[in-house]
Each structure stands twice: as structure tokens, then as C-alpha cells.
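Residue-level structural notes
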Amino acid sequence: MRLERFTPSTPEGDAASGHPARTLDWLNAARRGFYDKPLTEKEAAAIAGSYQADGRELTAVYDDAAVAPGLGAEIPVATYASFTRSLNTGARLIDAHLVTMVTVRPTHRRRGILSRMITADLAQAKERGLFVAALHASEGGIYGRFGFGRATEAQDYAVDVRGGLPMHAPVAGSVVQVQPARLGELIPEVFSRFHAATRGSVDRQRGYLMRGTGAWSDDGFEPDTALRAAVFHDAAGTAQGYVTYVFDGWDAKVPALSVRDLVAATAQAYRELWRFLGDHDLIETVNYHQASVADPLPWFLSDARRVSASGRGDRLWLRILDVPGALGARSYVRDGTLVLTVRDRLSLTTGSYRLQASGGVGTITTLTSAGPPSAEAADGIELDIADLSSLYLGSVRVADLLAAGRLAGSPAAAARAVALFDGPGAPYCITGF
Ligand SMILES: CC(=O)SCCNC(=O)CCNC(=O)[C@H](O)C(C)(C)COP(=O)(O)OP(=O)(O)OC[C@H]1O[C@@H](n2cnc3c(N)ncnc32)[C@H](O)[C@@H]1OP(=O)(O)O
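Residues numbered from 1 in each chain as written. Predicted model: local features only at pLDDT ≥ 70, side-chain atom pairs only at ≥ 80, totals over all residues. Heavy atoms only, no water.

**Focus: the site of the ligand**
As a structural note, the neighbourhood of the ligand is formed by 25 residues, with Val102, Val104, Arg110, Gly112 and Ser138 the closest of them. Serine 115 places a polar main-chain atom, nitrogen or oxygen, 2.8 Å from an oxygen atom of the ligand. Note that a nitrogen atom of the ligand is positioned 2.9 Å from one of the side-chain N or O atoms of glutamate 139. Notes on the ligand: free accessible area 970 Å², of which the protein chains cover 79%. Elements with a contribution of two residues or more to the shell around the ligand: strand S4 (93-104) and helix H4 (113-127). By residue number, the principal contributor to the shell around the ligand is S4, which donates six residues. Grouping the amino acids of the shell around the ligand by side-chain chemistry returns 11 nonpolar, eight polar and six charged. (Near = heavy atom within 4 Å. Polar contact = N/O pair within 3.5 Å; in protein donor to acceptor, adjacent residues only side chain to side chain. Areas by Shrake-Rupley, 256 points an atom, 1.4 Å probe, with all protein chains shown as cover. Helix = DSSP H or I, 4+ residues; strand = E, 2+ residues; numbered from the N terminus. Nonpolar A, V, L, I, M, F, W, Y, C, P; charged D, E, K, R; others polar.)

Structure below.
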């Protein structure tokens, strides 16, 4: 097996590697891995351009022993991509190493190819100085062993909008319908305000701009003529939110709209965009797939039962690569001191650390990174890096990790952990990658 890392390119750019279809072959191997149709050369060029803008790095694994009539040795048997985007820790934005497009051909599965790719990649990301890695998992049982923990959750809504959506609050600001193609400047502007204000948010890749403006369809790369859009302006005339959505068609079970994307920089913008969605005559249901688990919509409505929630599940998974760096980049509600002993199967963060929080700021001292735990560790907590990664943004409470047997420590140490890690609200991420 041969592993290559490269940046996406045009056939001319790839020619220097001796494999002019290198990017196209990688993209189609990844699509095969997710059971998608192969791309045309035009589509591949559009995606490669978008990936270049994202700064993605591609990993391919080749099987030089491939024999006819099987796929040729130039077609990757495994794909893996990574790029950097900021993550809101609740205190500030830090660079996160995003992992995506992981596939291994069925004929090559369970031979350790994913393990090899991810172990090398995470070690490199740590060497580059990144504190955390993140991904969205196709299955819940794969990534814990590599130190990833569930870090944000979301839920699906089906909202009954028959006769509109009566709300407690009076109408504020204004909503206008716009052509999606006119959203080019507004999408990044509104998202960046949402991102700066939302713990757990990850900055978005270029594909969001392409799909939000209708330049690409939801599942392809042709213009999306069915896409509709609306923008909310507050009383001062500032655009504070937008929604893109489609009509599900007259053949659907009930006449429905499906929200493709809804980004609101303020609670008022969120409320007024929902009021707008409810103002579509003939429509009975609005479907939404990225509601926060602490979503306020039911409280906005005169009748909260208009909202049916389902499909609650994990979205973002996080993996701390550098404990002092990551814990020093979040905030703490209370002052206190806690020693954490961290287990890490990949040995990237194994060790004991003293966390001292004062005035919201954490200072972390590495006590040991190899050998026996420090004497101070006896009075601390012990947990796996995947569970510390789940605690990091606040998606799980210390008591739940204790009850699950995933966190060990004396009652006094656990109480100190509660004081430091259990904060208000739920982290929220509306970026998929
Ligand atoms: C971030 C993303 O891109 S998520 C998308 C992931 N990709 C997919 O779901 C596409 C379809 N699946 C695949 O392509 C492959 O099965 C992959 C990528 C999930 C796994 O690749 P493989 O090369 O077979 O994994 P590898 O052999 O390295 O296994 C690593 C470990 O994960 C385990 N594992 C692998 N796949 C799974 C799975 N689907 N469920 C549970 N455990 C799994 C293995 O048993 C092994 O465990 P061990 O370390 O305890 O021995």
C-alpha cells in the first residue's frame, strides 16, 4: 500500500505527479465510497476549485498490487481529506483540524487503512500546533477509539404552519424575499456574526456559498432553480439573518417547505424568519434539520405543540490534540483547581495536567506526559481523551460521565470538575463538512 498526500488540482496541475487524473480519481473514489454517482470532468473541476479555496489536503492510499479486471492501481483504495477552519470554544475562535471524506474500498476494509491514515494525520495536525480536530461521523461506533467524542447535538423539526405561526412577540424588523444569487456577500457576513456568538460553531467551507446562492444544487453541481431565499433586517436596517428553502412539490404527502439553511445572528432574526416561513399559504408543514437541542422556537409560539421534534443526534465530534492549548482556550464559570489524568490510545495527550481557573481563564501545567502518574493525580479525575473532548464544549455533564463509569475520581474531585466544566446552555454547530 502506498499513501500520497496532495492538494486538489486541475489535470494540468496533476500532470507533474505523473498522474493527470489524480484529483478526479480521488474525488470519484470518495464518491464510490459513499455510493454516489461518478462526477463528470466539469463537475470535478468545480469541486476541485472549491476544495482549493478551502485549503483542503487530500490523502489517497493506492494498492500497487491491483490486478485486472479490478480497478486500476491509479484509483485510490482509500480517501481522506482535511482542512483548517475556526471553532468557537465559547471564549474565542481557535483553528480546528477538520477531517472529512474518509472512505476505504469494501475489498480493503478492516485491514487498518483508516487507522493508518488518521493516526498519521492527527499526529501531523498536533505537530502543526493545532489544539483540536473535528469531524462528522457516518456511524457512532468508529471514532471514539481515535479519541473523538460527541461534541454537539441537533434535532429535526416538523412545524405545523397551517393558518400561520401565531407568536407571543409582536412583529419586529422586516423580512424580504431575495434571489439566492444576491446572497453572495450577505451569507458570509451573517454567518460570521452567528459563528462569533455561538459556542460549538465551526466556520464554513466554500460549498455553503455555492449552495446558498443556488449556484450548486443540494445534491449536485448544476444551478438550483428551485431554491428560494429571504433575509431579515432589524429596525436599524442591518441584515441579521437569512433562510434558504425549497417547496417539496405537490406530490409530497402534505404541502411542505424544507429549510436548506437558516442562519440567524440574533434571537429576533431567528423568530422573524420562522414567522415568515409560517406565512406561506397552502403550506402545512415546514421541515428543519438543524435545530439546537436548546432551541427557543416552541417558546416563541402561542402553541408550542406546533413543533414536532425528532431525530435528535450527534453532529460535531471533537478530538483534543493538545490538552494545555485546548483547555487554555476555553472559559470557566468558576475559579478552582483540578488535576486531570488523561488516557489516550494514540498517545497524543496521555498525561496528568493541573488546571487552575481564575477569573474565567484557565492555566494548565503538564505534570507528567509519560511514566507513572504524578502524586497530585491521586486527588484528581481520570478519563479518556474522547470524554474530555465531549466535556470541552459542554455537550455532556460530569455527573453523566461519572454514572457511565467513564470518569473516575473521588466525590471531592468530581465536585471540582462539575464546578469547572458544567456550564450553562448547549453547544451548537450548523456546519457540516
Ligand atoms: C469523517 C468521515 O468522513 S465519516 C465517513 C466514514 N466513511 C464511511 O462510513 C464510508 C463507508 N465505510 C468505510 O469506508 C470504512 O469502513 C471505514 C472508513 C469506516 C473504516 O475503514 P477501515 O480501513 O476498514 O478501518 P480500520 O481497518 O482501520 O479499522 C479501525 C478500527 O475501527 C473499527 N471499525 C472500522 N469500521 C467500523 C465500523 N463501521 N463500525 C465500528 N467499528 C469500525 C475496526 O474494527 C478497527 O477497530 P480496532 O482499532 O479496535 O481494531
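Now that the structure is up, let's keep going.
**Considering the nonpolar core**
General note: in soluble globular proteins, nonpolar side chains tend to be found buried as a group. Core analysis: the largest hydrophobic core is formed by 41 residues, its most contacted members being Leu87, Leu316, Leu340, Leu388, Leu391, Tyr392 and Phe421. Sort the elements by how many residues they give to this core and helix H10 (residues 385-393) lands first, with five residues. Shared between two domains, this core holds at least three residues of each, these being domain 1 (2-147) and domain 3 (322-421). Counting 40 residues, the second-largest nonpolar core is a separate cluster that includes Val161, Phe191, Ala269 and Phe276. (Core = buried A, V, L, I, M, F, W, Y, C linked by side-chain atoms within 4.5 Å. Buried < 20%, exposed > 50% of the residue type's maximum accessible area, 1.4 Å probe, protein only. Domains from an automatic or database assignment.)

**Observations regarding the domain arrangement of the protein**
Domain boundaries in the protein define domain 1 (2-147), domain 2 (154-313) and domain 3 (322-421). On a C-alpha basis, the centroid separation for the pair domain 1 and domain 2 is 31 Å. With 19 residues of domain 1 in contact, the opposing surface of domain 2 contributes 16 residues. The junction of domain 1 with domain 2 conceals about 1200 Å² of combined surface from both sides, 60% of it contributed by carbon and sulfur atoms. Applying the counting rule to domain 1 against domain 2 returns zero salt bridges. Only helix H3 (41-54), strand S3 (78-88) and S4 provide two or more residues apiece to the side of domain 1 that touches domain 2. In terms of residues, the side of domain 1 that touches domain 2 owes the most to one element, H3, which gives seven residues. (Contact = heavy atoms within 4.5 Å. Buried area = accessible area lost by both parts, 1.4 Å probe. Salt bridge = Lys/Arg side-chain N within 4 Å of Asp/Glu carboxyl O.)

**Things to note about the sheet that holds strand S5 (residues 132-135)**
Here seven strands make up an open sheet; going across it, the order is S1-S2-S3-S4-S5-S14-S6 and the pairing mixed. Here the strands that pair on one side only, and so sit at the sheet edges, are strand S1 (2-6) and strand S6 (149-150). Bridge count for strand S2 (residues 57-62) against S3 is five bridges, and the pairing is antiparallel. Paired with alanine 60 across the strands is threonine 79, a residue of S3. (Pairing = 2+ DSSP bridges.)

**Focus: the UniProt feature "binding site: acetyl-CoA" (unreviewed entry) in the protein**
Cross-referencing UniProt, the feature "binding site: acetyl-CoA" (unreviewed entry) maps to Val102, Thr103, Val104, Arg110, Arg111, Gly112, Ile113, Leu114, Ser115, Ser138 and Glu139 in the present numbering. Position of threonine 103 relative to the elements: it lies in strand S4. By relative accessible area, threonine 103 is classed as buried at 6%. With sequence-adjacent residues up to four places away left out, threonine 103 is seen in contact with Ala29, Ala30, Gly33, Phe34, Val77, Ala78, Thr79 and Met117. Here the side chain of threonine 103 touches threonine 79 through a polar contact of 2.6 Å, side chain to side chain. Positionally, isoleucine 113 belongs in helix H4. Among the residues examined, isoleucine 113 registers a relative accessible area of 10% and is labelled buried. If we skip the residues at most four places from it in the chain, isoleucine 113 touches Met1, Val61, Val77, Ala78, Val104 and His108. (UniProt positions renumbered as here; feature names shortened; annotations may be inferred.)

**Things to note about the side chain of aspartate 261**
If you trace the backbone, aspartate 261 turns up in strand S11 (residues 256-264). Accessibility expressed as a relative area gives 7% for aspartate 261, which makes it buried. At a separation of 3.0 Å, a polar atom in the side chain of aspartate 261 contacts the side chain of tyrosine 242. Within the local environment of aspartate 261, its side chain forms a polar contact with the side chain of glutamine 290, the two groups lying 3.2 Å apart. Not counting residues within four places of it along the chain, the set of residues in contact with aspartate 261 comprises Arg204, Tyr208, Tyr242, Val243, Thr244 and Gln290.

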